[in-house]
Every structure is written in C-alpha cells, then in structure tokens.
Amino acid sequence: MMTKYLLAHDLGTSGDKATLFTTDGAIVDSRVAGYGVEYSHGSWAEQDPEDWWRAVAQSTRDLLADIDPARVAGVSFSGHMNGCVLVDRAGRPLRKAI
C-alpha cells in the first residue's frame, strides 16, 4: 500500500509554517516560507494576502518536491484570528489585510 500524506499550513504573523505528515501522524518534513508585515501610522499592521498565497505555494512545492501530489489525502489551514480580507468578484484582494 502506498503511503498517503496530510499537508498542514499555519499562516502566522511572520510566515506560513507547513508540515507534511503521514496519515499515521508521523512528521515527514516541515518548511517555513516567510512574509513581511507593513507597519504604518504608528501601531497599524498590514499584510498583503498575495504574500500569504506565495508562501503557501512555495512551502507546498518544497514539501512535495519528491512526493507525488496525488498521494496527498488532505490539506488543512489555520490562519490569522479575526482577520478579514475583502475580495472582488474574481477573488482578488481589494486591499492589504489589517
């Protein structure tokens, strides 16, 4: 039987922390793809959602470089608490996330 995998992404305040597990729960590998925080107007903090997407794509490519993506049984995400990203009809962010 071929090993199946689970891919978990945690979008934090400084980067996407991604981990690849077997379905038995063993850690195969993990990666971090960072992104910045823009501080303006004193204590305001904003991030570009496109940076989040680039980080998720990069960490996924890195983790699956030697794995057939068809063997990934599931993907999970956790992200910023209380965040809001406004998007247009095509799903593109209208502005940076606060």
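Check the entry above for the structure.
What counts and what doesn't
Residues numbered from 1 in each chain as written. Predicted model: local features only at pLDDT ≥ 70, side-chain atom pairs only at ≥ 80, totals over all residues. Heavy atoms only, no water. Salt bridge = Lys/Arg side-chain N within 4 Å of Asp/Glu carboxyl O. Buried < 20%, exposed > 50% of the residue type's maximum accessible area, 1.4 Å probe, protein only. Helix = DSSP H or I, 4+ residues; strand = E, 2+ residues; numbered from the N terminus. Contact = heavy atoms within 4.5 Å. Polar contact = N/O pair within 3.5 Å; in protein donor to acceptor, adjacent residues only side chain to side chain. Core = buried A, V, L, I, M, F, W, Y, C linked by side-chain atoms within 4.5 Å.

K.L.:
What exactly am I supposed to notice about the pattern of salt bridges here?
P.N.:
Charged atoms that come close allow side chains of opposite charge to pair. Taken as a whole and judged by the stated rule, the model has 5 salt bridges. One salt bridge in this structure joins Asp-88 and Arg-92, with 3.1 Å as the shortest N-O distance. Overall, Asp-88 belongs to the partly exposed group, its relative accessible area being 25%.

K.L.:
How do you make sense of the side chain of Thr-19 when you look at a structure like this?
P.N.:
Positionally, Thr-19 belongs in strand E2 (residues 15-22). With a relative accessible area of 17%, Thr-19 lands in the buried category. Contacts of Thr-19, omitting those with residues within four sequence positions, involve Leu-6, Leu-7, Ala-8, Ile-27, Asp-29, Ser-30 and Leu-63.

K.L.:
What is the right way to look at the side chain of Glu-46 in this model?
P.N.:
Checked against the element boundaries, Glu-46 lands in strand E5 (residues 44-46). What makes Glu-46 buried here is its relative accessible area of 11%. At 2.8 Å, the side chain of Glu-46 forms a polar contact with the side chain of Arg-95.

K.L.:
Sorry, what's going on with the nonpolar core here?
P.N.:
When a protein is soluble and globular, its nonpolar side chains tend to lie buried together. Membership of the largest hydrophobic core is limited to 8 residues, which are Tyr-5, Leu-7, Ala-18, Leu-20, Leu-63, Leu-64, Ile-67 and Val-72. At the level of elements, strand E1 (5-11) and E2 are the ones that each hand at least two residues to this core. Each residue touching Leu-63, except ones within four places of it in the same chain, is listed here: Leu-7, Ala-18, Thr-19, Leu-20, Asp-29, Ser-30 and Arg-31. Trp-52, Ala-55, Val-56 and Ala-97 belong to the second-largest nonpolar core, a separate cluster that totals 7 residues.

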